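Examination of the molecular architecture
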Amino acid sequence: MRRRKFNKIIGISAYVVSVSGFRLIEENGVYTTSCASSRDMMGPYYRKGAPIRNDFSYAGNKDEVPLRVKGKIVGVDCNKPLPNIEIDIWHCDHNKDYDMNSDEFKCRGKLYSDHKGEYMFKTFIPPPYGGRPKHIHYLIHGTEEYQELVTQVYFKGDEILDNNYWVYPRDERRIIEVFRNDEGMAEINFNLYLSQKS
Ligand SMILES: [Fe+2]
């Protein structure tokens, strides 16, 4: 019978615990935390080589709601912002299609977190397709210190989401409320918490 693995909760400095209140978890030499972002499926539509950009606007898309996405990439202590992290973003276009071939790389882009660990891009709320709720894909590339993270963000209030079996695992921290920002534009804030390599 295979031996069951146990997460080991290890001691950390009282100062960090009192500020952030997180738990540092070690399993087989890999560190993660109670705040680490959950993973989601990659899906079949990732493409390498997306251009560096933070505006996914394109001509011919008049009906979808413009959206600003902001967030922060955070380290294993659930607090430290991580600069210069490479992020791939992709989602379907207004026709519910993924651009798999064109040089336009429609609705795809590569970003880097800035010196404060923050990222931002402008796009639109993607329509649902194939019975799935509205979603945006993320691939956070790993570094020497941090593991790669593949995940997706969803939108609070999406009716499809409530009965959807594709959200795996269901994680309320990845179902984000849309609000209207100071410029009158729809916006979501989505932070991503990475896990450390061994
Ligand atoms: Fe998708």
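Scope of this entry: the structure provided in the associated data block. (Residues numbered from 1 in each chain as written. Predicted model: local features only at pLDDT ≥ 70, side-chain atom pairs only at ≥ 80, totals over all residues.)

1. Some points on the overall build of the protein chain
What the protein chain contains, in helices and strands, is 2 helices and 13 strands. Within the protein chain, the fraction of its 198 residues that count as buried is 23%. (Helix = DSSP H or I, 4+ residues; strand = E, 2+ residues; numbered from the N terminus. Buried ≥ 20, exposed ≤ 12 C-beta atoms within 10 Å, placed from the backbone.)

2. A few points about the pairing of strand β8 (residues 135–140)
Counting buried residues in β8 gives 5 out of 6 residues, a clear majority hidden from the surface. In the sheet, strand β5 (residues 86–90) pairs with β8 via 4 bridges, with the strands oriented antiparallel. Looking across to β8, one finds that I87 is bridged to I140. In this sheet, strand β9 (residues 149–155) lies alongside β8 in antiparallel orientation, the contact comprising 6 bridges. Among the inter-strand pairings, H135 is bridged to a residue of β9, identified as Y154. (Pairing = 2+ DSSP bridges.)

3. Concerning unusual backbone geometry
Here N84, not a glycine, exhibits a phi torsion of approximately 55 degrees, which is positive. Here N84 is to be found in the loop between β4 (66–74) and β5. A residue is classified by how many C-beta atoms lie within 10 Å of it, and N84, with 11 of them, is exposed. Notably, F105 is not glycine yet its phi reads approximately 50 degrees, a positive angle. Relative to the helices and strands, F105 is located in the loop between β5 and β6 (108–112).

4. A short note on the nonpolar core
Core analysis: the biggest nonpolar cluster contains 23 residues, and I73, V74, Y138, I140, L192 and L194 have the highest contact counts within it. Among the elements of the structure, β4, β5, β8, β9 and β13 (192–193) are those that each provide at least two residues to this core. Per element, the largest residue contribution to this core is 4 residues, and it comes from β9. Setting aside anything within four residues of it in sequence, one finds V74 in contact with N79, K80, P81, L82, G117, N191, L192, Y193 and L194. (Core = buried A, V, L, I, M, F, W, Y, C linked by C-beta atoms within 7 Å. Contact = placed C-beta atoms within 7 Å.)

Function cannot be read off these values alone, since they describe shape.
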